[in-house]
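Chain by chain, the residues:
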Amino acid sequence: MLLHAENLSKSYHAHEVVNIPSVSFGAQGLEGLIGPNGAGKSTLMGLLTRRISPTNGEINLDVGDQVHNLNRLKSHEVARIGLIKTNQRIQGFDSLTIKDSLRFAATSPKDEGFTSIFAGERDSEDVEERVQRYVEAFPFADRNGFARSGGEKKLVDILRCLIAEPRLLLMDEPTAGLPEDITRIVMDMVREKVAAGEMRVVIVEHDLPLIWEYCDYVHFLSEGSILFEGAPEEVKSNRIVAEKYMGV
Amino acid sequence: MDYLIFSFSLMLVYIGLAQLLHIQFGLLGIPNFGVVGFWGIGLYGTGVLFVEFSVPLLPSIILASGMSALLAYVLSVLVLQRSGQAILAATLALAAIVSTLVITEKQLTNGVQGLGTIGFPFGKLDNRNAIFLGILAIVVGSLFWGGARLRDSRLGRSMIAIRDNEELAASLGKDTSATKRMTFAFTCGLMGLLGGLSAPLHQFLVPYLLAPSLTFAVWIALVLGGKAHNFGAMVGVFATFGLFDILVETYAPVPTEYALLVPNFKLFCYGVLLVLIIMFRPTGILGEEGPRVRAKPAPPTLRSAPLEED
Amino acid sequence: MLLLDAIFIGLLEASPLVLAAMGFTLIFYQNGFMNIAYAETITFGAYFAILFNVVLGLHFYMAIVPSMLFSGALSVAVYLAVFRPALNRGVGPTEMIILSVGVSFMLRYGLILAVGPENLFLNEPNISYMQFLGMGATNLQLIALVLVFAIAGILYWIIYNTGLGEQMRGLANNHELAMASGINPHRTSVAIWFVAGCAGGLSGVFSGVFAQVTPYMGWNMILITMLVTIVAGIGSVRGALVAAVVAGILTAFITLVSKPLYSEVILLLAFIGVLTFRGSKAA
């Protein structure tokens, strides 16, 4: 599945924040999107997750036999096609326990119809087993209770997205607010899933060492457009990137 | 005795309405302030079909409930994705429209003169009002059975998720607006059913029955009992209607010169109770409850979990 | 001519509504919830007028100002006793509305327990029927119309041109920023509830003198006030003013061309229609 944008631009009061002739995400496995502050990363992410509508151009979701215009779809339709995003800011279901929250994400919408109130067992063995596996992998303070700290909530948000098994996952600053050891467990999990061909992932991050370590392909965004794309080594050693991105 | 049977029947109707509101507001977060409107469509729909068109009682009730559900569906398409305050105002407005139309459409409803009479079914039996009370008890009882099933089901869980964070639920692929529309229409249809069943209780229908006070009585009961608890509706109605309209009205030795003040005193107390409960125990008397799912033997885990101690 | 009639009648009928809608909107703007108990601010305004005008024997016009001030004080008292503690406890907007229903019941039925459910009448000043641009109206109606719009104008001026208004708008837009820049939210809130209470009380005095004073008069106005507020784009005082006038004129117009009760139905349907297309999106 490809997330593809053509002639995409976004302006605020005649000030162009993003202007990208052509870009594709989801072709390479685990991709990173990096760029200095003010490069337009969060605007591009907003456009990709439809929080922001583009001034020009459109974003298409190419699923092989069919191409969907992203901006014509409803939120749940995008997710059902297979594009899901993690949230940069903490989001959650306050009344659901960690496990219930994951069970909810793991359950297919067609199993949540009216007839589900007559079902003998609430969740299938398969769902229970998947939830158990994810919860066991992390040191939650109370595995049968609610997510307490901000870090736990952020982690649950990421796990919800993973357990929902998207075809393409957008991760918006996944490391922000997570302890480093947890981040590593999450990223190892993500890498495993990508390697197994279960999903493709795009990560937007400030944490460059993490990007270099995990990503197969990196998009470098500067001044609103993609200046360079390539394997991490190529991007790292690129002159333009080094020039624009001090500190590398 | 007959009066007591009438009071208990009425109380069951209140409990049923509060239980449906528990599903709409307590679980799904839809602030329906037009309860009396949907109930009223069932009530007057049944009355009009039965009296003016000589449709038998049962088909009248079913048709009228269907009308209520249909209208709720139309309204849900119009405003259910708007803010809670907009939904609240729109449902309140809808109830006002229903009660006004009942007055204006005289050729159907007989206006303020009143529409009647709708007798109890099973006309040949002596205890037909007691039998009707039994029927109501079965209907309302099944609403609680359904509520308990819902609480422990996948649908109930997704309703709570939608109440907590609709946008997030949608981003996980859930068609939240469809769930809200269908649930709202279905539960409003059941409010209509309770309205239809109320027609033989009241026998003679007057527009005054559609005053917004019914909506508020149901809301007060639910908030008091516990909006997110399956038995909140029942406890709340016992503590309001049961206490004031049955116990006090029937048994309290109120001197006749004060008798007229009792309903006002009752509503004053409702107000005080409502303020106290929201200030000091916002989840109501019973509080909130989680699903009761049978504990399964945990699958063998790869490593022991040191923090899992409860 | 029908249109002119409608505008004139509509303005006369809308005058109490204009004040109520502005006061209701102010509170909504300040605290973000619909205060159903505002109905009782209106009702109590009329009962305060009964106190001053009938019980204490003041001339009607003399009774207006103290009734208004008493309503303002009542509004502040209710805010300090119930709504502010509730807001501090983090009660959500829908629960705040339910809480305000509770306060409304308490005040209304407390009032009935104290003074009885009977309808009361104010001692109106001498009424003379006047012709005005070919349309008939009483001097009282005309005075009310002028007074109401004058006060609405003053309110409008306070909100959009004074320090208090600026602080209030600042608080409503960005609470933290406003507090950081030294606005005392407590004092501003008290001032808002006082001004809103005065507007509600005045609205009650005029609807009382046009018809009668009943414990339910505020309650009967609150639905339309709520709808006007929401349609006006939640929390814009400017919008509330316009929407209230339009609602009044619209009602009068529909009443002139159809049966009075249908005008209510049509108006309510129109409100639902407006909510559909521009009611604020779900959060």
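S.K.: So, the overall build of chain C: which residues are in play, and what are the values?
M.R.: Helices and strands together make up the secondary structure of chain C, namely 11 helices and 2 strands. Element order for chain C, N to C, with α for helix and β for strand: α-α-α-α-β-β-α-α-α-α-α-α-α. Within chain C, the proportion of its 283 residues that are buried is 49%. Expressed as a percentage of contacts within chain C between residues at least 6 apart in sequence, the contacts between residues at least 24 apart total 76%.

S.K.: Help me get a handle on the confidence of the model for chain C, residues and values and all.
M.R.: For chain C, per-residue confidence averages 83 on the pLDDT scale, and residues scoring 70 or more make up 89% of the total. As a predicted assembly, this complex carries a pTM of 0.90 together with an ipTM value of 0.92.

S.K.: Residues and numbers for the pairing of strand β2 (residues 15-25) of chain A, please.
M.R.: Residue and element names in this part refer to chain A. Alignment of strand β1 (residues 2-12) against β2, held across 9 bridges, turns out to be antiparallel. Bridged to A5 within β2 is V23. Where β1 folds back on β2, the antiparallel hairpin that results is connected by 2 residues, among which H13 adopts a positive phi of roughly 50 degrees.

S.K.: Residue-level account of the sheet that holds strand β4 (residues 56-62) of chain A, with values.
M.R.: Residue and element names in this part refer to chain A. Strand order in this open sheet of 4 strands is β2-β1-β4-β5, and the pairing throughout is antiparallel. Whereas interior strands pair on both sides, the edge strands pair on one side only; in this sheet they are β2 and β5 (67-69). Put simply, the sheet's adjacent strands are angled 20 degrees from each other on average, direction ignored.

S.K.: How would you explain the arrangement of the chains if you had to name every residue and give the values?
M.R.: For the 2 pairs of chains in contact, the largest share of contacts goes to chains B and C. Over all C-alpha pairs, chain A and chain C never come within contact, reaching a minimum spacing of 13 Å.

S.K.: If you had to explain the pairing of strand β3 (residues 30-34) of chain A to someone new, which residues and values would you point to?
M.R.: Residue and element names in this part refer to chain A. Across the 5 residues of β3, 5 count as buried, placing the element largely inside the fold. By the alternation rule, side chains of β3 split into L30, G32 and I34 and E31 and L33, which are all buried. In this structure, β3 lies alongside strand β8 (residues 200-204), joined through 4 bridges in parallel fashion. The residue bridging L30 from the neighbouring strand is V201, located in β8. Judged from the 4 bridges that link them, β3 and strand β9 (residues 217-222) form a sheet pairing that is parallel. Residue pairing for β9: L33 is matched across the bridge by H219.

S.K.: Requested: an account of the interface of chain B and chain A, with residues and values cited.
M.R.: Taken together, the 30 residues of chain B in the interface contact 37 residues of chain A. Among the elements that take part in the side of chain B that touches chain A, helix α7 (residues 154-164) of chain B stands out by supplying 7 residues, more than any other. The residue makeup of the side of chain B that touches chain A, split by class, is 12 nonpolar, 8 polar and 10 charged.

S.K.: Hey, could you go over helix α9 (residues 217-231) of chain C for me, with residue numbers and the actual values?
M.R.: All names here are of chain C. Between its first and last C-alpha, α9 extends 22 Å over 15 residues, near the 21 Å set by a 1.5 Å rise per residue. Of all the bends in α9, the largest measures some 30 degrees and sits at L223. Taken across its 15 residues, α9 has 13 buried, putting it largely inside the fold.

S.K.: Run through the environment of A:P36, naming residues and quoting values.
M.R.: Residue and element names in this part refer to chain A. Mapped onto the elements of the fold, P36 is located in the loop between β3 and α1 (41-48). What makes P36 partly exposed here is the crowd of 18 C-beta atoms within 10 Å. Along the sequence, P36 and D188 sit 152 residues apart, while their C-alpha atoms lie 26 Å from each other. Ignoring any residue separated from it by four or fewer positions in sequence, one finds P36 in contact with S222, K244 and Y245.

S.K.: Any chance you could break down the packing of helix α4 (residues 84-104) of chain B against α9(C) for me, citing the residues and the numbers?
M.R.: Here α4(B) crosses α9(C) at 140 degrees, and the two axes come no closer than 10 Å. Put simply, α4(B) runs oblique to α9(C). Like other packed secondary-structure pairs, α4(B) and α9(C) cross with a definite hand, here left-handed. Mapping the contact onto sequence places B:Q85, B:A86, B:A89, B:L92, B:A93 and B:A96 in α4(B) and C:L223, C:M226, C:L227 and C:I230 in α9(C).

S.K.: Account for the sheet that holds β8(A), naming residues and giving values.
M.R.: Residue and element names in this part refer to chain A. The 6 strands lie next to each other as β6-β7-β8-β3-β9-β10, forming an open sheet whose pairing is mixed. Strands at the two margins of the open sheet, each flanked by one partner only, are β6 (83-85) and β10 (225-230). Neighbour to neighbour, the strand axes of the sheet diverge by 20 degrees on average, direction disregarded.

S.K.: With reference to specific residues and values, describe the confidence of the model for chain B.
M.R.: Chain-level statistics for chain B give a pLDDT mean of 89 and a share of 94% at 70 or above. With pLDDT under 50 throughout, residues 300-310 of chain B is counted as low confidence; its partners more than four residues away or in other chains account for 10 contacts.

S.K.: Quick rundown of the interface of chain C and chain B? Include the residues and the values.
M.R.: Across the boundary between the two partners, chain C contributes 42 residues, which contact 37 residues of chain B. For the side of chain C that touches chain B, the elements supplying multiple residues, two or more each, are α3 (60-88), α4 (93-115), α9 and α11 (260-278) of chain C. Here the element with the most residues in the side of chain C that touches chain B is α4(C); it accounts for 16 residues. Counted by class, the side of chain C that touches chain B contains 31 nonpolar, 7 polar and 4 charged residues.

S.K.: Would you mind going over the packing of helix α2 (residues 38-55) of chain C against α4(C) in detail, with residue names and values included?
M.R.: Residue and element names in this part refer to chain C. At a closest axis distance of 9 Å, the pairing of α2 and α4 adopts a crossing angle of 25 degrees. What the angle tells us is that α2 and α4 run roughly parallel. Where α2 crosses over α4, the handedness of that crossing is left-handed. For the pair α2 and α4, contact is made by A39, E40, T43 and Y47 and by S104, L107, R108 and L111, respectively. Considering only residue class, the contact of α2 with α4 consists of 4 nonpolar, 2 polar and 2 charged.

S.K.: Any chance you could break down the environment of B:V77 for me, citing the residues and the numbers?
M.R.: Note that B:V77 resides in helix α3 (residues 57-79). A sequence separation of 193 residues divides B:V77 from B:Y270, and the C-alpha atoms of the two residues are 34 Å apart.

Cut-offs and rules
Numbering of residues begins from 1 in every chain and follows the order in which that chain's sequence is written. Chain letters start at A and ligand numbers start at 1, both assigned in the order the entries are written. Thresholds applied to this predicted model are a pLDDT of at least 70 for local features of residues and 80 or more for the giving and counting of side-chain atom pairs; totals over whole chains, interfaces and linings are not thresholded and use all residues. A run of DSSP states H or I qualifies as a helix once it reaches four residues; a run of E qualifies as a strand once it reaches two. Both are numbered from the N-terminal end. The exposure label follows from counting other C-beta atoms within 10 Å of a residue's C-beta, where the C-beta atoms are placed from the backbone and the thresholds are 20 or more for buried and 12 or fewer for exposed, leaving partly exposed in between. Here, residues touch in the contact sense if the C-beta positions derived from the backbone fall within 7 Å of one another. Along the chain, pLDDT gives the predictor's confidence residue by residue, from 0 to 100. The pairing criterion is simple: DSSP has to find at least two bridges between the two strands. Comment: axis = line fitted to C-alpha atoms, over the contacting stretch for helices; angle = value between 0 and 180 degrees taken between N-to-C directions. Residue polarity is assigned by list, with Asp, Glu, Lys and Arg as charged and Ala, Val, Leu, Ile, Met, Phe, Trp, Tyr, Cys and Pro as nonpolar; anything else, Gly included, falls into the polar class. A helix's residues, less one, multiplied by 1.5 Å, set its expected span. Fitting axes to the seven residues that end at a residue and to the seven that start at it, the angle between those axes gives the bend at that residue. An angle below 35 degrees is read as roughly parallel, one above 145 as roughly antiparallel, one from 65 to 115 as roughly perpendicular, and any other as oblique. Two helices that cross are described as forming a left-handed crossing if the nearer one is turned anticlockwise from the farther one by less than a right angle, and a right-handed crossing if clockwise.

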